[in-house]
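# Notes for the structure review
Here are the chains, one letter per residue:
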Amino acid sequence: MRALDFSYMLGLVPVLVSYIPLTLFMAGAGMVFALILASALAVERVVKVPVLDGLVVLFISFFRGTPLLVQLFLFYYGLPQVLSFLTQINGVTAAIMGLTLHFSAYMAESIRAAIAGVDRSQWEAAQSIGMTQAQMMRRIILPQAGRIAAPTLVNYFIDMIKGTSLAFTLGVTEMMGAAQKEAAGSFRYFEAFLVIAVLYWIIVEILSQGQKRLEIHLNKAYAR
Amino acid sequence: MIGIQGLTKRFGDTVVLDAIDLDIADGERVVVIGPSGTGKSTLLRCLNFLDAPQAGTIRIGDLTVDAAQATRQQILGLRRRTAFVFQNYALFANKTAKQNIMEALVTVQGRPVQEAEARATEILAQTGLADKAESYPAALSGGQQQRVGIGRAMALGADLMLFDEPTSALDPEWVGEVLDLMRQVAEQRQTMLIVTHEMQFAREIADRVVFMDGGRIVEQGPPSQVLDAPQDERLQRFLRRVG
């Protein structure tokens, strides 16, 4: 057993921190697209459009039922062999696509449950003033469902941030990939991976604080 | 002019509305009374398709809808010609009092935000809630919420206002202020169809009282006739019970 090389670890911090923007970019873009897609999927699951509903169920089942890593490999290494236009796709784009599709399946289910949790009276009030389905969803139901779903959605965002570490398997030099390279150069795997673990941990902790504030903000309208 | 013919609603095998016929003149205030479970609320809810009737025709202003084959556009048309006041208020929980009143004006009627805001402010003043404009429903008392609910309905400029037991969920202390506001609405010659158990209020406000029992209209006429000289034995029994 050898002692931890603290000075090496400290020196590594700024190197790895410089990759945080890329990590946040992938997770942020993935989250935005996943939220949009998941909302659409969830609304479809509530409204149940014939035929489309079956496809949505299949989509959700597949992307919840297979590992993210497998999906990323399918997109990045697999699909371009079948669909030639995908050969242009770079690792970051593939990672964002994979994260989007994977997490939208999970988020669709929690948004669907949240929509079902919006009180019946809210639907009826929206109908009574003559709103179309789309207006009702956009103006009344989804905003209220968003509040119900917010804690779980933030959890998925946290999962997504950690999920970006898999992008290094697509050849993207992001935070995890950089740590891997550093470690391979110095043979100080333990130090490098410990630093990377702590960095992810800190990011997630900061987000958790943000989550608390978000929930207070969202609950403002409902405070007596 | 409102015309209802043969309006029929079944839940499974239970007939809740049994071919109801009812005409309402412009500016007329009709109060529906009757034992609970007799189809009064369902009648109101069928007129704007919150519950879809199986048969009958509904005519509101220039729109006539055959219930059996109502299209989505026709249903929206009925909803845009009516305003509904709910027993449980049903204010939009994610919107302030003012936004609740503005919502239909902006989203459904497509009016400019400024105009809608001015109208909402005017209505809030009328309902005595000017100082609650920015309050969310959760921060309002039951009586205040229902006044916003009525304000939301007033803003629509509907051909027909439907009141579904608007005071039944209220603590007794709030009933008076809600009834006062309904009197104000009535004074503007708004066509109203009101389901209520407030007999004194019915007597005072109604041009016509309709007594329903078992999904049918059993007796109707001016309050002095229906409430003071009831003919049907079921109506007599009902009036004795509600005192």
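Chain B is annotated in an unreviewed UniProt entry as Amino acid ABC transporter ATP-binding protein (PAAT family) of Pseudoroseicyclus aestuarii. According to UniProt, the comment filed for chain B under the heading Sequence similarities (unreviewed entry) is "Belongs to the ABC transporter superfamily."

As recorded in an unreviewed UniProt entry, chain A goes by Amino acid ABC transporter membrane protein (PAAT family) and comes from Pseudoroseicyclus aestuarii. In the Sequence similarities (unreviewed entry) part of its UniProt record, chain A is described as follows: "Belongs to the binding-protein-dependent transport system permease family. HisMQ subfamily."

Attention now moves to the sheet that holds strand β9 (residues 208-213) of chain B. All names here are of chain B. The six strands are arranged β6-β7-β8-β3-β9-β10 in an open sheet whose pairing can be described as mixed. Edge positions in the sheet fall to β6 (82-85) and β10 (216-221), since each of these pairs with one other strand and no more. When strand polarity is set aside, the average angle formed by the axes of neighbouring strands in this sheet is 20 degrees. The pairing of strand β3 (residues 29-33) with β9 spans four bridges and is parallel. By the bridge assignment for β9, V32 is matched with V210.

Residue and element names in this part refer to chain A. A surface patch of nonpolar side chains, amounting to about 600 Å² of accessible area, comprises V46, V47, V49, V51, L52, L55 and L58. Listed by contribution, the elements that provide at least two residues to the nonpolar patch are α2 (20-47) and α3 (52-65). Residue contributions to the nonpolar patch peak at three residues, all from α3. Among the secondary structure elements, L55 is positioned in helix α3. In this structure L55 comes out as exposed when scored by relative accessible area, which is 51%.

All names here are of chain B. Spatial ordering of the open sheet is given by β2-β1-β4-β5, a layout of four strands whose pairing is antiparallel. Each end of this open sheet is capped by a strand with a single partner; those strands are β2 (14-24) and β5 (63-66). This sheet shows a mean twist of 15 degrees between the axes of neighbouring strands, independent of strand direction. Seen against the sheet, helix α1 (residues 40-47) touches β1 (2-11), β2 and β4 (55-60) and runs at an angle of roughly 115 degrees to β1.

On to the pairing of β1 of chain B. Residues and elements named next belong to chain B. Relative to β2, β1 runs antiparallel, the two sharing seven bridges. Each residue of the ladder has a partner; that of G3, found in β2, is D23. Here β1 folds back onto β2 in antiparallel fashion, the turn holding two residues, of which G12 has a positive phi close to 65 degrees. Inspection of the sheet shows β1 paired to β4 by five bridges, in the antiparallel sense. Bridge pairing links G3 to R59 in β4.

What follows concerns the confidence of the model for chain B. In this model, chain B carries a mean pLDDT of 94, and residues with pLDDT of at least 70 account for 100%. By mean pLDDT, the top-scoring element of chain B is strand β7 (residues 160-164) of chain B (97), and the lowest-scoring one is helix α7 (residues 199-205) of chain B (92).

All names here are of chain A. Under the defined criterion, the tally for this structure stands at 25 salt bridges over all chains. R188 is the salt-bridge partner of D5, the closest N and O atoms lying 3.2 Å from each other. In this pair, D5 sits in the segment before α1 (6-17) while R188 sits in the loop between α8 (175-186) and α9 (189-219), placing the two residues 183 residues apart along the sequence. A single network of salt bridges, built from pairs that share partners, joins D5, R188 and E191.

Below, the discussion takes up helix α3 (residues 97-108) of chain B. Residues and elements named next belong to chain B. With 12 residues, α3 extends 17 Å from end C-alpha to end C-alpha; this agrees with the ideal 16 Å at 1.5 Å per step. With 10 of 12 residues buried, α3 is to be regarded as a mostly interior element. Along α3, the residues classified as buried are A97, K98, N100, I101, M102, E103, A104, L105, T107 and V108. Positive phi shows up at G110, right after α3, with a value of about 70 degrees.

Quick notes on the rules
- Residues numbered from 1 in each chain as written.
- Chains lettered and ligands numbered in written order.
- Predicted model: local features only at pLDDT ≥ 70, side-chain atom pairs only at ≥ 80, totals over all residues.
- Heavy atoms only, no water.
- UniProt positions renumbered as here; feature names shortened; annotations may be inferred.
- Pairing = 2+ DSSP bridges.
- Helix = DSSP H or I, 4+ residues; strand = E, 2+ residues; numbered from the N terminus.
- Axes fitted to C-alpha atoms, helices over the stretch in contact; angles between N-to-C directions.
- Patch = residues over 30% accessible without salt bridge, like charges linked within 9 Å, V, L, I, M, F, W, Y side chains within 5 Å.
- Areas by Shrake-Rupley, 256 points an atom, 1.4 Å probe, with all protein chains shown as cover.
- Salt bridge = Lys/Arg side-chain N within 4 Å of Asp/Glu carboxyl O.
- Buried < 20%, exposed > 50% of the residue type's maximum accessible area, 1.4 Å probe, protein only.
- Contact = heavy atoms within 4.5 Å.
- pLDDT = per-residue confidence, 0-100.
- Expected span 1.5 Å × (residues − 1).

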